[in-house]
Amino acid sequence: MTLTIFFNELKRYFYSPVAYVISAVFSITVGWMFFNSIIQYIAQIQAIGPGGEGQISFDNIIFSLFGNVNFLLLFIIPLLTMGLISTEKKYKSIFVLYSAPIDDWEIILGKYFAAVFVALFMICLTFIFPVILHFAGLSDKSFFFSGYLALFFNILLYTSLGVLGSCLSENQMVSGLISFAMIMATWMLSWVTQITANYYFVELFHYIGLSLHFESVAKGILNYSDLAYYFSGTFFALLVSRKILNARNW
Amino acid sequence: MHAVVVDKISRSFGVNKVLDNLSFSIKEGSIHGFLGPNGAGKSTTMKILSGLLAPHSGEVKIFGESLTEHQKKVKKQIGILPDELPLYYDMVVSDFLHFVARLNGVDLLLIEQYVDECLKKTGLEENRGRIIGNLSRGYKQRVALAQAMVFKPKILILDEPTVGLDPNSVKEIRELILSLKKDHTIFLSSHILSEVSLMCNDLTIINRGKIMATGTVEEIHQQFKTKNILVCRVHSISHLEKIQNLEYVNKLETKQLSEHEYELRVDINSTNDMRAELSEAIIKNKMGLLTFNEEKLDLEKLFLEVIK
């Protein structure tokens, strides 16, 4: 039944203006950021003078582009996920799901994958940028592959936190804010390393913070600890979401 | 055979014990009424029966199978219309019913047929393409009822199905529920006692989480009969004092209905059945017995008596 819920959620996303409005805002913002990166790149080349193209790496544009998209996801994912469970609880349509012969996992996963799909759909809209850079003469495209892979992992984790936030309140604005705070926290945990000199703390917060893993994957260095981080974080958030749904029986 | 057997279920919310050792059963093919004042635990019971909530103790059996142990299998046999309508207001009526049918395991090849039949039964055919949020209150209620029955469950649990509707819609929904009796066992809660007395064969009355009475309406009448009053109509009241002086008569009231017809309201000071003795006394005194009835409490009085 996960698929039934998945397709129903997708239908509801795309029948309402939500997915289109968020996609449009996302595309315009990312496009504007990309345009600015190109302008900056050209300005830097012109400042150096003839032969400057070889001295300034194109990779910086790509990294900053993925960094910007990742920053936007901080806002986009809570917007996409805030109503997933909270509005169902508020309008009591959750009873349709509760009374059906399905497990709470199927409810959580169906909704989760639908939100991931919509987020990936938005990411697909940015595929135009590698195409533009290809025609501009960029030959090494491996950065794009690793960058998109890092975004994909981030989307998996952020969306699971979004689903969790949506389970925590019947008010979708509150759910959205909780999701935003949790996603923001994954970033901020890395910053804690700057205020302590304790080796163990630094190592711990380096690991549980997102930055290290995002940068690592985006640079094409994918190791088991990154995969373990993303998948265990995602699984944990979904598990807690399921527990919250199941709390009605406590 | 019993469609539902509720065996000593209890449920608390925090320190508040909402249901306390509740036991009753629902006969297959009947419309079973569920009455109780606000906060009595009706909605909680209905949610437990449909698997929306789990009891903290006790067991619910649906056609002999435990709801907790065989939840997936048993839930397919139960459709619920909760007190708050479970609707996706942004969805189109037919899409919503397709979704509910699929969710409840209806085969893909049969879904269209099930949805069509359900739309026809609930009078929603003309509204199948409309967005639920744009429908009137009465039609939303119909859609909510349709979602409970679209996958053809054997048991329908209806929590106050006519609340908030205009009189015309109330009449239509009642007729619809009565028409569903042939295909479903119906468990219905309502605040409207006349509705329950019109529609239900059996009754369970609950108060503060405890069963006050359960059985047929007649059985409950017998159980809670506090006064034994016999009402008869006679031609003449010429020997009225002889009736009044009978040792088992507590009080006698007379009312003239027409020139040769009187109504006697005899309050019997015993809970024993004195109909034979009283009718014999009336005939013996040549008062011309026309009709003879036992006065029954109407459902409203009975309900108040039970929850007292």
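Above this text is the structure in question.
Residues numbered from 1 in each chain as written. Chains lettered and ligands numbered in written order. Predicted model: local features only at pLDDT ≥ 70, side-chain atom pairs only at ≥ 80, totals over all residues. Heavy atoms only, no water.

## Notes on the interface of chain B and chain A
Here comes step 1: Taken together, the contact pairs 30 residues of chain B with 24 residues of chain A.
Here comes step 2: In total, chain B and chain A occlude about 2,400 Å² of area from one another, counting both sides; carbon and sulfur atoms represent 61% of this.
Here comes step 3: Sorting the residues of chain B by area buried against chain A places Leu52(B), Tyr88(B) and Leu103(B) first, and these three jointly supply 28% of that buried surface.
Here comes step 4: For the interface between chain B and chain A, the tally reads two salt bridges.
Here comes step 5: Joining chain B to chain A, the criterion identifies four residue pairs in polar contact (both at pLDDT 80 or more).
Here comes step 6: Here the element with the most residues in the side of chain B that touches chain A is helix 3 (residues 93-103) of chain B; it accounts for six residues.
Here comes step 7: Looking at the side of chain B that touches chain A, its residues break down into 15 nonpolar, six polar and nine charged. (Contact = heavy atoms within 4.5 Å. Buried area = accessible area lost by both parts, 1.4 Å probe. Salt bridge = Lys/Arg side-chain N within 4 Å of Asp/Glu carboxyl O. Polar contact = N/O pair within 3.5 Å; in protein donor to acceptor, adjacent residues only side chain to side chain. Helix = DSSP H or I, 4+ residues; strand = E, 2+ residues; numbered from the N terminus. Nonpolar A, V, L, I, M, F, W, Y, C, P; charged D, E, K, R; others polar.)

## What about the sheet that holds strand 10 (residues 210-216) of chain B?
Residues and elements named next belong to chain B.
Here comes step 1: One open sheet accounts for six strands, arranged 6-7-8-3-9-10; its pairing is mixed. Strand pairing shows two members of the sheet lacking a second neighbour, strand 6 (78-81) and strand 10, which therefore form its edges. Recorded for the sheet is a direction-independent mean angle of 15 degrees between the axes of neighbouring strands.
Here comes step 2: Helix 6 (residues 167-180) contacts strand 3 (31-35), strand 7 (155-159) and strand 8 (185-189) of the sheet and is inclined by roughly 145 degrees relative to strand 8. (Pairing = 2+ DSSP bridges. Axes fitted to C-alpha atoms, helices over the stretch in contact; angles between N-to-C directions.)

## Overview of the side chain of Thr234(A)
Residues and elements named next belong to chain A.
Here comes step 1: Inspection of the secondary structure puts Thr-234 in helix 12 (residues 224-246).
Here comes step 2: For Thr-234, a relative accessible area of 8% gives the class buried.
Here comes step 3: Those residues within four positions of Thr-234 in sequence are excluded, and the remaining contacts are Tyr-112, Leu-156, Leu-157 and Ser-160. (Buried < 20%, exposed > 50% of the residue type's maximum accessible area, 1.4 Å probe, protein only.)

## Digging into the sheet that holds strand 5 (residues 65-66) of chain B
Residues and elements named next belong to chain B.
Here comes step 1: In space, the four strands of this open sheet follow the order 2-1-4-5, with antiparallel pairing throughout. Since the sheet does not close on itself, it has two edges, and those belong to strand 2 (16-27) and strand 5, each with one partner.
Here comes step 2: Two strands pair when backbone bridges link them, and strand 4 (residues 57-62) and strand 5 are joined in this way by two bridges, in the antiparallel orientation. Its bridge partner being in strand 5, Ile-62 is matched across the sheet by Glu-65.
Here comes step 3: Here helix 1 (residues 42-49) sits on the sheet in contact with strand 1 (2-13), strand 2 and strand 4, set at roughly 60 degrees to strand 2.

## Description of helix 3 of chain B
Three- or four-residue spacings in an α-helix give side chains the same orientation, since the helix completes a turn every 3.6 residues.
Here comes step 1: The buried fraction of helix 3 of chain B amounts to nine of the eleven residues, a majority that puts the element mostly inside the structure.
Here comes step 2: All of the buried residues along helix 3 of chain B are Val93(B), Ser94(B), Asp95(B), Phe96(B), Leu97(B), Phe99(B), Val100(B), Ala101(B) and Leu103(B).

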